[in-house]
Every structure is written in C-alpha cells, then in structure tokens.
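Coordinate inspection notes
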Amino acid sequence: CPERRLRSQVSAALKEGRVTPTELCQRCLALIRSTKFLNAYITVAEETALKQAEESEERYKRGQPLGILDGIPIAVKDNFNTAGIETTCASNMLKGYISPYNATVVQKLLDHGAVLLGKTNLDEFAMGSGSTDGVFGPVRNPWSYSKQYKEKFVPKSHSEDEESNWVITGGSSGGSAAAVSSFTCFAALGSDTGGSTRNPAAHCGVVGLKPTYGLISRHGLIPLVNSMDVPGILTRCVDDAAVLLGSLAGHDPKDSTTIQDDFKPFELPNLADVSKLSIGIPKEYHAPGLSSEILALWLKAADLFKNAGAKVVEVSLPHTRYSIVCYHVLCTAEVASNMARFDGLEYGHRSDRKDSTESMYAATRREGFNDVVRGRILSGNYFLLKQNYEKYFVKAQKVRRLIADDFVKVFRSGVDVLLTPTTLSDAAPYMEFIQEDNRTRSAQDDILTQAANMAGLPAINVPTALSERGLPVGLQFIGRSFQEKQLLTVAKWFEKQVQFPVIQLEEVKRHDNGVFQHQKSASFS
Amino acid sequence: QKVSVEVLDHLEQLALVDFRDSEGVERLQKAIQFADQLHEVNTEGVEPMDSVLEDRWCLYLREDDVTEGNCTKELLENAREKVEEYFVAPPGNIPLPKLEERETFLQGS
C-alpha cells in the first residue's frame, strides 16, 4: 500500500523536503477541523503540535531527523496521560485533569519526534464496544460519509436519511480508529483489554494491533484490567504498525509487568513463499451471530492461504465460549479495585460534600461515574465479597488458565498463526446499537477478540473487504507470545493479497494536496 | 435467586458507589446470572492464573535508590482542596449513615 505507507510516502517526502512537518501538521489540523462532526477528538493540542512540528522541521533542515517518525502527526486515546494536556477518559471524573506526566508510550513517541495532534474519544474509562458511552458523545464512523456507504445505503423509511443513519466506530478506541481512518493522523494509540483496538479497527477499515501482554509499557495508561490491558496501535497499513511497535516496545523500569528481554525493532520482509506456514482455523470462532458475509470472507481467506501453498488446518479452542464470562468476572473485579483511586482528593472531580470523608468520596463517585462504570464497580465488588471470592473470582482465574492452555496446545501442535473473524458483523447504525445496553453489547462484540487478551497473545486486525452495505470488514490473526514479527509478516502478506479499498471521503478530497493520494485498487470481494 | 437488600447495602458501602435506581440493581442481577455460566466448566485440579507472564518471572526487586521525586508542586496542582503541602479531606472516621438515613434508592426496597 505505497500510498498509505509512512515509510515510502510521507517519511520520504519529509526527508526530501517535498513537504515540511509544519505543512503536514497544519493540513492534519485543518482536516480535523473539517471532520469535527466525527467527534473523534476530545482535545486538539494545536499549539503544542505546531511547536513540535517546527522543532521537527529544524531537525530536518539540519539533516538530523530522529528517525522515520520524526514530524509524523499522531493521535493518542484519551486514557493515556499526556503532560500538560487534559486527560479525561471521556468521564466527568477526570474533566479538567491536566496530567503532570507523559505515559511511557507517549514519551517514546515524542522522543522519536512524532507530533501529538490531540487526544481521541472513547467509551468512558474504555468500558464499551461502541465508543458511544463517553461524556463527550459518540464517535461517528468516517465510513458513514464515504461514497462506498452512501452508494449502498437503502433507507428503510421515508424519514430515514444518511445523516441519521451514521454507523458506529466500534470501541472502545473508536476515536483513534476514526482519526486514522479519516486521514487526520498517520497513526494512533489505542488500548486493548477485550478487543478495544481490534474491534474499532475492523469497523473503520484500519490495521489494529494488540501486542503481546508485557511487550509495551502500560505506565501512564489509566488502568482498566491490569492483567489484560495493553496499549494498542492503529495505522493504515501493517508496515506502519511495525514501525510504531519498533519505537514503543521494550522493558520499562516503571512498569514491572514488562518483560526484561531485549526487544529488537524489525522491518517486515516481503513474504513470497507461504508454503512453510501453518494457519489454524479455530472452529469455535464460528460463533453464533456471525454474519454469513463475514463467514464467507473468512473461508475465502483460508482458501487464499491454501491456494498459495500454506498448510491450513481446522483447530479447536474448546473453552472459547467461556472467555466472555471469564472476562466479565475478572474485568469487573479488577475494575472495582482500579476505580477505587477516584475519590476526589488528589485529582479529578471532587464533590462539595464536607460532612465526612466517606460521604465526600461517595458523592464524588456518584457525580463522576456513568452507569456503565458504576455497574462494573458494583458487580466487581460483588464477585470479590468473601462469600463469593472462590466461587467467582478464583473460578474465573482457573477458567482463564484453561483458555490460555487451549492456545498453548494449538501452537504446540505446529500452528504458526490463527486466522479468525474480528467482529460478528459490519458496523451497526448508532440508532440500532444503542437499543441494547453496554454490557450486552460488549458481551456480544468482544466474543472474537477477548480470548487473545485472556491469554496475553498478540493479535491484529487486517482490513479485508467491504460488506454489502459498503462498510469495512476485517479479519484477525492471532500469533504466538512475543512473535510479533511472524504475526505481522503474515498479516502484511495477507494485506497485499486483499488490496482493501481506500475510503472515498469528500472531506479528504478537499484537503488532498497529493499527500493523501487515492489509488484505484482491486478489492477482495 | 435475588440479591438481598443487606448485600446491596453492603456493596454500596464497600464500593462507595450507588445503585441509583432499579435498573442498577437489575444490572447486578443480570451480571451475576451471566457469571454463573462459569460453573459449567470443570476446573478440577486447575490452578488459578494470576498473570499470563507467570513463566517469565517479571517481578524483581531493585536497589533502594531514589531515582525520581521532588514533584510536590506538580502533584498538588490537580487537587481542589489543599493547604500548604497537604491534601485536605473532610473529617474522617465517620461511617456512612445507615441505610435508613442514607439517600439511597435501596431505602424503598
């Protein structure tokens, strides 16, 4: 995908002086302004971004850029701490909270010269699968406004029009996915606890990488589930994801859950021969509710590998269907603990109650958290009660081991990479999505992505084809622990085969100065 | 099997978060029902898993050297109520009012 690659297009252009970092930054900022209706950004850090761009320009002039990422505009999900910039987690609890420090991953990006455009929208405290439950409102999927979607749109009634029928981005990193998808930035950080990077990546037609747990530092990422959270990477193509990974991975003394092994950044080879590859197709991922369209695409992808000479085998991950239940218990339990820090005393919202500490805490939390967050805290506390601890929490931890062991067995049998769908269907219209409550939706939508978090494995969504409604559908590859290079190499090969179409957005066309070239590409389906 | 008002009350006190309305209580009931599916799984002889990195023992002790700090000013910036270098809290050791006296939805139950 040369048109969308950091390396061959923008990076080269910057190095050769065909475009300057400040021009690039200004174009992105202008595009952010004209795509405001997407509601992808909570905070746009215009001044600091331009300053960073100017500093980058100086470095290029001196012939001393910091690397490929120097001058590249990026966006960061609003649950990462960013020094001097408001970090809200899309919650009233943290409105007005100005981080005193940068999350490690943010610092690393800045150290590589990246230009931080702003903080992206999400579900409140990353709890949700639609990016619809934050206090700043829902994020709209840029594909709602694409030529591809509009052409296929068939109103179900007179009153229905495209405007009210916009579709969701998926979540919880919907803002980041929308930002990358609409070209307002070249890469974005998300987070992934149950699928929160891969799910919106699938719905927005971008690459979403969930790295192995322990590879990338979580220091500064406001925690949801300490044993599953990872920073996620969203880009327009697999090569870019490898570049981002290279700058972010590695041991962080400030995060004791990062492994100590040396991490060597890598470039992805262009795989020509897949005959030595063994692709596993887990039958349990043919989950109830999987759309026939996506099933067909998944099978077609399997055939693609088979016809290219790879070994494609059906495998079994028998405990797959308990992954969501297990997640539900472990997540709410860890959330109950992690959310306890929000009491109004040191940061964030504080209630005016003065009669006692406890009542101030209670009022602060009543005022600061939405229903979803409060619901999870209460459920979590229930599962952690003395009388329930063994029955629920410890039981879930045992089931977790069974789920993780399922993967170990499959990989031990010779499978290199697993191929599965990422979502059950293409993006739902917002009006339809909100008919069901958050927990139900999350339980439905996370079913295909959650197990990778349970087992800590790396997984990536690769945009594959457009659905009948003209919306993106992606497929997921799950790899072995810490084998990101192999995973991404396979993903890159697949990406090349499918030639996923470029989104055709009026807004982008208007700002297009050749930097966002569109290419007519053959589509997969 | 419904959760008793005593347990609901206990949860509100532990979590310092309120159920708000019948929907909140319903939400908990559904969550428990959902979680009960776990009991279908046979976990005889299976050890609970704390961390996926259990084989790569990450947790280590380092030397007790001070490597950062002196950021009092930054840390106090985000607090609403402070006096000199103290965070100010309302009087402590006062338990939350009992169920009958609290403003909670559970009162009616």
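All figures in this text were calculated on a predicted structure; none of them were measured in a lab. (Residues numbered from 1 in each chain as written. Chains lettered and ligands numbered in written order. Predicted model: local features only at pLDDT ≥ 70, side-chain atom pairs only at ≥ 80, totals over all residues. Heavy atoms only, no water.)

**A look at the interface of chain A and chain B**
Contact with chain A, which involves 73 residues of that partner, is made by 55 residues of chain B. Here chain A meets chain B over a buried area of about 5700 Å², counting both sides, of which 61% is carbon and sulfur. Looking at the side of chain A facing chain B, the largest losses of area belong to A:Arg350, A:Leu378 and A:Arg401, adding up to 12% of the total buried there. Residue A:Asp261 is joined to B:Arg56 by a salt bridge in which the shortest nitrogen-to-oxygen separation is 3.1 Å. On inspection of chain A and its partner chain B, the count reaches 25 residue pairs in polar contact (both at pLDDT 80 or more). Looking at the side of chain A that touches chain B, the elements with two or more residues in it are α10 (323-338), α11 (357-368), α12 (371-384), α13 (389-412), α15 (438-445) and α16 (450-455) of chain A. Sorting elements by how many residues they give to the side of chain A that touches chain B places α13(A) first, with 12 residues. Of the residues that constitute the side of chain A that touches chain B, the class distribution is 32 nonpolar, 21 polar and 20 charged. (Contact = heavy atoms within 4.5 Å. Buried area = accessible area lost by both parts, 1.4 Å probe. Salt bridge = Lys/Arg side-chain N within 4 Å of Asp/Glu carboxyl O. Polar contact = N/O pair within 3.5 Å; in protein donor to acceptor, adjacent residues only side chain to side chain. Helix = DSSP H or I, 4+ residues; strand = E, 2+ residues; numbered from the N terminus. Nonpolar A, V, L, I, M, F, W, Y, C, P; charged D, E, K, R; others polar.)

**A closer look at unusual backbone geometry**
In the segment running from A:Gly171 into A:Ser172, the intervening peptide bond is cis, with an omega of 10°. With phi around 65°, A:Phe482 is a residue other than glycine that occupies positive phi space. The backbone phi angle of B:Leu16 is positive, close to 55°, even though this residue is not glycine. Considering the arrangement of structural elements, one finds B:Leu16 in the loop between α1 (5-15) and α2 (22-35).

**A look at the environment of B:Gln29**
Its place among the elements puts B:Gln29 in helix α2. Here B:Gln29 is in contact with B:Gln1, B:Lys2 and B:Val3, once residues within four sequence places are set aside.

**Examining the pairing of strand β5 (residues 207-210) of chain A**
Residue and element names in this part refer to chain A. Across the two faces of β5 the burial is the same, with Val-207 and Leu-209 and Gly-208 and Lys-210 all buried. Here β5 runs beside strand β6 (residues 230-235); their pairing, made up of 3 bridges, is antiparallel. Residue Val-207 lies in a different strand from β6, and its bridge partner there is Thr-235. Examined bridge by bridge, β5 and strand β10 (residues 459-466) share 3 bridges and lie antiparallel to one another. Note that in β10 the partner of Lys-210 across the bridge is Ala-459. (Buried < 20%, exposed > 50% of the residue type's maximum accessible area, 1.4 Å probe, protein only. Pairing = 2+ DSSP bridges.)

**Overview of the nonpolar core**
Residues and elements named next belong to chain A. With 173 residues, the main nonpolar core has Phe-125, Phe-305, Phe-407 and Phe-477 as its most contacted residues. Here the element with the most residues in this core is α13; it accounts for 10 residues. Contacts of Phe-407, omitting those with residues within four sequence positions, involve Tyr-285, Leu-317, Leu-418, Ala-451, Ala-455, Leu-457 and Ile-478. Leu-31, Tyr-149, Phe-433 and Leu-505 belong to the second-largest nonpolar core, a separate cluster that totals 19 residues. (Core = buried A, V, L, I, M, F, W, Y, C linked by side-chain atoms within 4.5 Å.)

**Describing the pairing of strand β3 (residues 115-120) of chain A**
All names here are of chain A. The buried fraction of β3 amounts to 6 of the 6 residues, a majority that puts the element mostly inside the structure. Here strand β2 (residues 73-77) runs beside β3; their pairing, made up of 5 bridges, is parallel. Bridge pairing links Ala-75 to Gly-118 in β3.

**Here we look at the packing of aromatic side chains**
Residues and elements named next belong to chain A. Overall, the coordinates contain 18 aromatic pairs over all chains when judged by the stated rule. Aromatic pair Phe-305 and Trp-493: ring centres 4.9 Å apart, planes at 40°, arrangement tilted. Linking Phe-305 in helix α9 (residues 292-307) with Trp-493 in helix α17 (residues 484-498), this pair joins segments that are 188 residues apart in sequence. Each member of the pair Phe-305 and Trp-493 is classed as buried. (Phe/Tyr/Trp six-rings, centres within 6.5 Å; stacked < 30°, edge-to-face > 60°.)

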